[in-house]
Amino acid sequence: MDEEMDASNEALLRDIVGSLRAPVSVGDGAVERAMAQLRREALAVRRWRQTVLTAGIAAALVLAFFGARRLRHPLAPNNGVTFALAAPAASRVVLIGDFNDWNPEANPLRRDERHWSVTLSLKPGRYRYSYVVDGSSWQADPGTPLAEDDFGTPTSVITVVN
Amino acid sequence: MRVPDANLVRRTQDGNLDAYAELIARHRSGLQRYALHLLGNREDAEEALQDSLLRAYRSIRRCEHPERFRSWLARILVNRCRTRLSRNGSVVRDSERDSALDNAAAPPATEQAAWGEEIQRALRVLAPDQREAFLLHHVEEFSYDEMAELTGASVPALKMRVSRACERLRAELREVYHG
């Protein structure tokens with residue numbers, strides 16, 4: 001009797017499971033919508049990367065042209081070192097570094113058409129420095145080598161000679 | 001020759017969306033079935049599924065065992081379904097379920113359709129954790145170890161839930177079963 005009951009229970013469970021395993025069409029739309037959204041996102045990322053790359057190349061060309069003419073570092077004489085940055089969209093750029101104790105009030109740059117610059121008289125030595133654009137964005141000088149920085153902020157290095 | 005899931009996962013981790021599409025094509029039927037039977041209505045199942053697929057792609061780099069992608073993906077869906085249940089309560093909207101269930105394998109004869117509806121009614125009687133464990137083990141065929149990993153429950157607890165779910169389903173359906 002117990003065996004008959006067990007067999008009957010097993011058959012019942014098999015039928016339940018068999019019925020539940022049948023494919024359902026609910027969710028087809030969800031899968032398609034999810035994949036379409038992911039493809040749109042992937043396309044947007046590709047376009048963004050392309051734009052950033054193009055802008056980067058353009059900025060590098062501008063800096064290579066103007067920077068080579070105007071900057072005299074990383075090996076600069078001490079009778080006046082000009083620091084310059086191309087930042088046409090910025091409203092304020094300051095120079096901070098070892099020479100001014102990283103004081104953001106000490107050496108603001110002046111705008112000259114599309115470029116910002118300031119000339120300092122520095123004693124011979126090696127200095128680390130950076131630009132702060134619009135009060136919050138630290139930028140290394142694209143025309144000089146990067147310095148080691150404990151805080152992970154973009155910092156450049158210049159050596160002033162006699 | 002079929003490319004292993006693990007290879008497709010690694011390609012997806014490198015940003016290959018076509019590889020992800022292939023993975024989803026392989027596993028979508030189980031995901032769709034689980035979401036519908038657990039939640040019991042089309043709208044919630046669709047939303048949980050879509051949300052899960054987006055989340056899975058965006059966090060695919062955190063899939064540490066690509067060879068166990070199916071379990072990893074199921075875990076995301078299980079969590080999304082739990083969230084929806086806790087938000088909506090476990091009450092199933094009957095009218096939606098009736099139109100949502102679509103036995104594509106065999107167009108239902110009247111008797112089969114009635115039997116299908118009885119099963120859905122019996123599933124609704126189960127506590128959500130029992131329904132979850134029953135569907136994962138018996139319908140989606142996950143092992144208890146896999147289930148423990150993807151639900152966070154212990155193996156003994158899961159066995160108990162499945163056992164109780166089976167008892168309850170039999171009790172609910174025995175009288176209408178003509179097998």
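Note that the structure is predicted; figures quoted are calculated from it, not measured. (Residues numbered from 1 in each chain as written. Chains lettered and ligands numbered in written order. Predicted model: local features only at pLDDT ≥ 70, side-chain atom pairs only at ≥ 80, totals over all residues.)

Colleague: Before we go on, may I ask you to explain the packing of helix H6 (residues 110–125) of chain B against helix H9 (residues 155–173) of chain B in this structure?
Modeller: All names here are of chain B. Two numbers describe how H6 lies on H9: the axes approach to 9 Å, and their chain directions differ by 135°. Our classification of the angle between H6 and H9 gives oblique. Crossing of H6 over H9 shows right-handed handedness. Contact with H6, carried on its side by Glu118, Ile119, Ala122 and Val125, involves Arg168, Leu169, Glu172 and Leu173 of H9 and no other residues of that element. The class makeup of the residues in the contact of H6 with H9 is five nonpolar, no polar and three charged. (Axes fitted to C-alpha atoms, helices over the stretch in contact; angles between N-to-C directions. Helix = DSSP H or I, 4+ residues; strand = E, 2+ residues; numbered from the N terminus. Parallel < 35°, antiparallel > 145°, perpendicular 65-115°, else oblique. Left-handed = near helix turned anticlockwise from the far one by under 90°. Contact = placed C-beta atoms within 7 Å. Nonpolar A, V, L, I, M, F, W, Y, C, P; charged D, E, K, R; others polar.)

Colleague: When you look at the confidence of the model for chain A in this model, what are you seeing that I'm missing?
Modeller: Residues shown with low pLDDT carry predicted positions that ought not to be read at fine detail. All names here are of chain A. Chain-level pLDDT for chain A is 80 on average; 85% of the residues reach the 70-or-more range. Taking the mean pLDDT of every element in chain A, the minimum, 55, falls on strand S1 (residues 75–77) and the maximum, 94, on strand S4 (residues 107–108). Of the regions scoring below 50 in pLDDT, residues 68–73 engages in twelve contacts with residues more than four places distant in sequence or in other chains. (pLDDT = per-residue confidence, 0-100.)

Colleague: What's the story with the environment of Val157(A) in this structure? I'm lost.
Modeller: Residues and elements named next belong to chain A. With respect to the element layout, Val157 can be found in strand S9 (residues 156–161). For Val157, a count of 20 C-beta atoms within 10 Å translates into the label buried. Considering only alpha carbons, one finds Val157 and Ala147, ten residues apart in sequence, at a separation of 5.3 Å. (Buried ≥ 20, exposed ≤ 12 C-beta atoms within 10 Å, placed from the backbone.)

Colleague: What's the story with the sheet that holds strand S5 (residues 110–112) of chain A in this structure? I'm lost.
Modeller: Adjacent strands of a sheet pair through backbone hydrogen bonds, lying either parallel or antiparallel. Residue and element names in this part refer to chain A. Read from one edge to the other, the open sheet built from three strands follows the order S2-S6-S5, with strand pairing classed as antiparallel. Taken across any chain shown, the strands that pair with only one partner, and hence form the sheet edges, are strand S2 (81–86) and S5. With strand direction ignored, the average angle separating the axes of adjacent strands in the sheet is 35°. Where S2 lies against strand S6 (residues 115–120), six bridges are found, and the strand directions are antiparallel. Paired with Phe83 across the strands is Val118, a residue of S6. (Pairing = 2+ DSSP bridges.)

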